[in-house]
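# Survey of secondary and tertiary structure
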Amino acid sequence: MSQSPAFVLNVLETPEDPEGSQEPSPYDESEVHDSFHQLIQEQSRWVAEEGLELQQRQPGTGALGASGSDHETLLGPEGAPVYSMATLRILASMPSRTIGRSRGAIISQYYSRTVKLRRRAGRPQLRDMGRSARPSLRLYDLELDSAVLEEEEKRGLLVKELQGLTAAQRDHMLRGMPLSLAEKRSLREESRPPRGKRRAQRRRGLLSCCDQLHDSCVLASHNLGLALLSGLQALMPWRYALKRIGGRFGSSVLSYFLFLKTLLAFNALLLLPLLAFIVGVQAAFPPAPAGPVPTFTGLELLTGGGHFTHSVMYYGYYSNATLNQPCASPLNGSQCAPEAGSLPYNMPLAYLFTLGAAFFITCITLVYSMSRSFGESYRVGSTSGVHAITVFCSWDYKVTQRWAIRLQHDNIRTQLKELLAEWQLRQRPRSACGRLQQVAVLGLVWLLCLGTTLGCTLAVYTFSELMIESPVSAEREAVLLLLPLVVCLLNLGAPYLFRILAALERHDSPVLEVYVAICRNLILKMVTLGILCYHWLGRRVGTLKDQCWENFVGQELYRLMVMDFIFMLLDTLLGELVWRLFSEKQLKRKGKPEFDIAGNVLELIYGQTLTWLGVLFSPLLPAMQIIKLLLLFYIKKASLMANCQAPRRPWKASHMSTVFVSLLCFPSFLGAAVFLCYAVWQAVIYLNIQVVKGQRKVICLLKEQISNEGEDKIFLINKLQRVYERKERSRAGRTEEAMTPPALFTDDWGAQ
């Protein structure tokens, strides 16, 4: 009866140690530790130089295998192949054969060596023993299996080795061993020193009821914290869904949801300092209302006006003075004297510096994310051998659950499809005539797309001018939704026209097709936002009717965000769900629509740009954006799983995340930063201009007053001159009368 070939793992002996050298006894702990350390060094050096070899041992075929060449495949009994040494080396270096070749394999080899030494040093040779002292072969049936005894000896030696280490070293070694958690826990308990065990038992015996209650409370709180942490992780939208999306739809669709996750992090980073230093402080010290506060009607959720105007939602609500602790009795009826220990809080400076710091942190984070994404996507030599790495090194051997195995299988299969599609695309040539025809079609399509963008821009500009010329009263706030409605209709309809025109181009690369669509949609949305910014900055003061300009811009951006979210939901409902039902019921098509990566990504960039534009005028817009992104994640994920299919032409989105972050940084964040800087400069410069104008007016008044005072002086001088002349004339008359003779006066008197 033939036996199946047995493979034995042989490790090369140390060339420096002769065969007759006596190794240290395993019972000496220090020498055992040195031997163990030496074995680790030898194993690392030999594996790096030569590797392990597999020998196939066959009964009676050793000579045949030895005499064969290294490059031949010999046949053993019943046609079993006997591989050559070169083939065996290649097989031994495969990832599946080298798993576990770490400290666990070294420890196992160390056990074998110490067991041999123990048997060699502790047992006498069989030939030196008497016949009566030799064990009877009949008793072998009553003994345990030699493999079990050997495993027990290995376990005892492992426990003894672990006892000689420190607690940190013992935990580190146990953590690296390829064992189950139950075995590691058992080994940790067995390797604890006896003194520590007795001390722990004594300490447990002396514990009082209060200590036991305290320990129970600490343990319960710890378990509660772990349960809450696991619950929070389960609530995260990217915990399991991202793996499922990547395995089913590929990295191209996955890049959209990863980008959405990145936007969530950016908005959370922007919102935290605003809540801590602006919104929270102003909510703790609310200003006195200037007039009657309108009641909440529900229309504010769409228009952003009404009751929201008198809340922390907008810039105009925040105080323009220094905040202090409230006092019980004001001094002058309106002002409070700050207490001695109170710290005044300058709200205008806090508002400005908090926004500046938040934008600076966002800028640093964006630059870091972009540089990191560039490093991961464009790493030198990252594409060499990627097929072999995906085939041999992608599987995670720690996965044991059935759903996780299926998910990982789908993910690897999708990666292989993308890699093969990318490789086939590089091998496909194109003739010169075909290239010339494609260039002509591209030029025509680009002209049509640019013309459509120009028409949308003119429509937005015309409608905004009409809104300026016809001011809306407070009773007709619903009319304010017309401008956001027109903008969102154009942003929704134009990309569908671009998609129809893109069907004429017939790009060979789906990556290039997505990039072209992103570029066209980006031009449309950025030009539209530019027209709106010009409309907001050029809004005439007379049309606002004593309304705060910052509140007006904040309400406009609020309405645009709300209408954009509503139209995204309508696009998901009509463009994916209704179209799938129509194609299945009416057109009798089995295929589902593909997920529009370019349009959905540009919608995210557009919404984030609106958030950055309006954070100066409405500090709570990042909170609205976070809620919007969370809802979008779940809605888009559900629609993707139910209404969409994987791309018909699989392609690897290795650089998509880098492109998305770059677009978020340069056109979006940079444009928003320029707009806000100009707006702040226009608050600052406008104030200075008004101050200068006031000073000029005061100077003119002072000059007029000085001239009037000069005329008054001239008038007074003339008046004094006349009075003086009159006095002089009266004095001269009196002098003449005094010089006239008395007889003359007598005659005259008598004559009368």
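Please read all numbers here as calculations on a predicted model, not as lab measurements.

The rules we used
- Residues numbered from 1 in each chain as written.
- Predicted model: local features only at pLDDT ≥ 70, side-chain atom pairs only at ≥ 80, totals over all residues.
- Heavy atoms only, no water.
- Helix = DSSP H or I, 4+ residues; strand = E, 2+ residues; numbered from the N terminus.
- Buried < 20%, exposed > 50% of the residue type's maximum accessible area, 1.4 Å probe, protein only.
- Core = buried A, V, L, I, M, F, W, Y, C linked by side-chain atoms within 4.5 Å.
- Patch = residues over 30% accessible without salt bridge, like charges linked within 9 Å, V, L, I, M, F, W, Y side chains within 5 Å.
- Areas by Shrake-Rupley, 256 points an atom, 1.4 Å probe, with all protein chains shown as cover.
- Salt bridge = Lys/Arg side-chain N within 4 Å of Asp/Glu carboxyl O.
- Lys, Arg positive; Asp, Glu negative; His and termini not counted.
- Charge placed at Lys NZ, Arg CZ, Asp CG, Glu CD.
- Phe/Tyr/Trp six-rings, centres within 6.5 Å; stacked < 30°, edge-to-face > 60°.
- Lys NZ or Arg CZ within 6 Å of the ring centre and 35° of its normal.
- Axes fitted to C-alpha atoms, helices over the stretch in contact; angles between N-to-C directions.
- Left-handed = near helix turned anticlockwise from the far one by under 90°.
- Contact = heavy atoms within 4.5 Å.
- Nonpolar A, V, L, I, M, F, W, Y, C, P; charged D, E, K, R; others polar.
- 1 Å grid on protein atoms, 1.4 Å probe; cavity = no way out; pocket = protein on both sides within 12 Å on 5 of 7 lines; lining within 4 Å.
- Points joined across faces, edges and corners; volume = space filled by probe spheres on them.
- Parallel < 35°, antiparallel > 145°, perpendicular 65-115°, else oblique.
- pLDDT = per-residue confidence, 0-100.

## Some remarks on the overall build of the chain
From N to C terminus, the chain includes 24 helices and six strands. Counting every position in the chain, which comprises 752 residues, the buried fraction comes to 32%.

## Section: the nonpolar core
For soluble globular proteins, the rule of thumb is that nonpolar side chains tend to be buried together. Judged by nonpolar contacts, the single largest core of 85 residues is most densely connected at W536 and F617. With 14 residues, helix α12 (residues 251–284) is the single largest residue contributor to this core. Counting residues in hydrophobic clusters, the runner-up holds eight residues, among them L158, L162, L165 and M177.

## Brief notes about a positive patch on the surface
On the surface, a cluster of positive charge is contributed by K719, R722, R726 and R729. Along the chain, R729 turns up in helix α23 (residues 656–739).

## Quick word on the packing of aromatic side chains
For the structure on display, the rule yields 18 aromatic pairs. Where Y317 meets Y318, the ring centres are 6.3 Å apart and the plane angle is 80 degrees; that geometry is what we call edge-to-face. In this pair, the class of Y317 matches that of Y318, namely buried. Taking 5.5 Å as the distance between ring centres and 35 degrees as the angle between the ring planes, the aromatic pair formed by Y678 and W681 counts as tilted. Of this pair, Y678 and W681 are both found in helix α23, three residues apart, which corresponds to roughly one turn of the helix. Note on Y678: relative accessible area 38%, which makes it partly exposed. Accessibility expressed as a relative area gives 45% for W681, which makes it partly exposed. Through pairs of rings, three or more aromatic residues link up here, namely Y256, F257, F595, F633 and Y634. Against the face of W446 rests R520, its NZ or CZ located 4.6 Å from the ring centre. Of note, K525 hangs over the ring of Y606, and the distance from its end group to the ring centre comes to 5.1 Å.

## Quick word on the packing of helix α11 (residues 241–249) against helix α22 (residues 621–643)
Where α11 meets α22, the axes come as close as 12 Å, and the angle between the chain directions of the two elements is 35 degrees. Viewed along their axes, α11 and α22 form a crossing whose handedness is left-handed. Here A241, L242, R244, I245, R248 and F249 of α11 come into contact with α22, specifically with F633, K637, L640 and M641. By residue class, the composition of the contact of α11 with α22 is seven nonpolar, no polar and three charged.

## Here's the deal with empty space enclosed by the protein
What the rule picks out here adds up to three cavities of 30 Å³ or more. In this structure, the largest cavity spans a volume of roughly 180 Å³. Lining of the largest cavity is provided by 17 residues; of these, N491, L492, D571, G599 and E603 occupy positions nearest its centre. The set of elements that each furnish at least two residues to the lining of the largest cavity consists of α18 (482–502), α19 (510–537), α20 (549–585) and α21 (597–614). Residue composition of the lining of the largest cavity, by class: seven nonpolar, four polar and six charged.

## Comments concerning a nonpolar patch on the surface
Together, L299, L302, I566, L570, L573, L574 and V578 give the surface a local cluster of nonpolar side chains, amounting to about 530 Å² of exposed area. Here L573 is to be found in helix α20.

## A word on the side chain of N267
Summarising the element assignment, N267 is placed in helix α12. A relative accessible area of 0% places N267 in the buried class. Excluding anything up to four places from it in sequence, N267 contacts Q608, T611, P622, Q625, I626 and L629.

## Description of the pattern of salt bridges
Applying the stated criterion to the full structure yields nine salt bridges. Notably, a salt bridge pairs K525 with E603, separated by 3.1 Å at the nearest N-O pair. Of this pair, K525 sits in helix α19 while E603 sits in helix α21, and the two are 78 residues apart along the sequence. Residue classification places E603 among the buried positions, given a relative accessible area of 13%. Taking the shortest distance from any N to any O, the salt bridge between R731 and E728 comes out at 3.7 Å. Of the two residues, R731 and E728 both sit in helix α23, three residues apart, roughly one turn of that helix.

## Concerning the packing of α18 against α20
Two packed helices can be described by the angle between their axes and the distance between those axes. Direction vectors running N to C along α18 and α20 enclose 40 degrees, while the axes themselves pass 9 Å from each other. Of the possible angle classes, the one that applies to α18 and α20 is oblique. Considering the relative orientation of α18 and α20, their crossing is right-handed. The residues of α20 that touch α18, namely those facing L483, P484, L485, V487, C488, L489, L492 and Y496, are E556, R559, L560, M563, D564, F567, D571 and G575. When its residues are assigned to classes, the contact of α18 with α20 shows eleven nonpolar, one polar and four charged.

## Overview of the side chain of S255
By the element assignment, S255 lies in helix α12. The buried category is assigned to S255, whose relative accessible area is 2%. When sequence neighbours within four positions are dropped, the list of residues in contact with S255 reads M656, S657 and F660.

## Re the environment of K184
With respect to the helices, strands and loops of the structure, K184 is situated in helix α8 (residues 181–190). C-alpha separation for the pair K184 and L174, spaced ten residues apart in sequence, amounts to 6.3 Å. With residues up to four places along the chain from it excluded, the contact list for K184 reads L174, R175, M177 and L179.

## Digging into the confidence of the model for the chain
The predicted model of the chain averages 75 in pLDDT, with 69% of residues at 70 or higher. Considering only residues more than four positions removed or in separate chains, one finds that residues 96–104, a stretch of pLDDT under 50, has 14 contacts. Contacts for the low-pLDDT stretch residues 125–129, under 50 throughout, to residues beyond four places or in other chains number four contacts.

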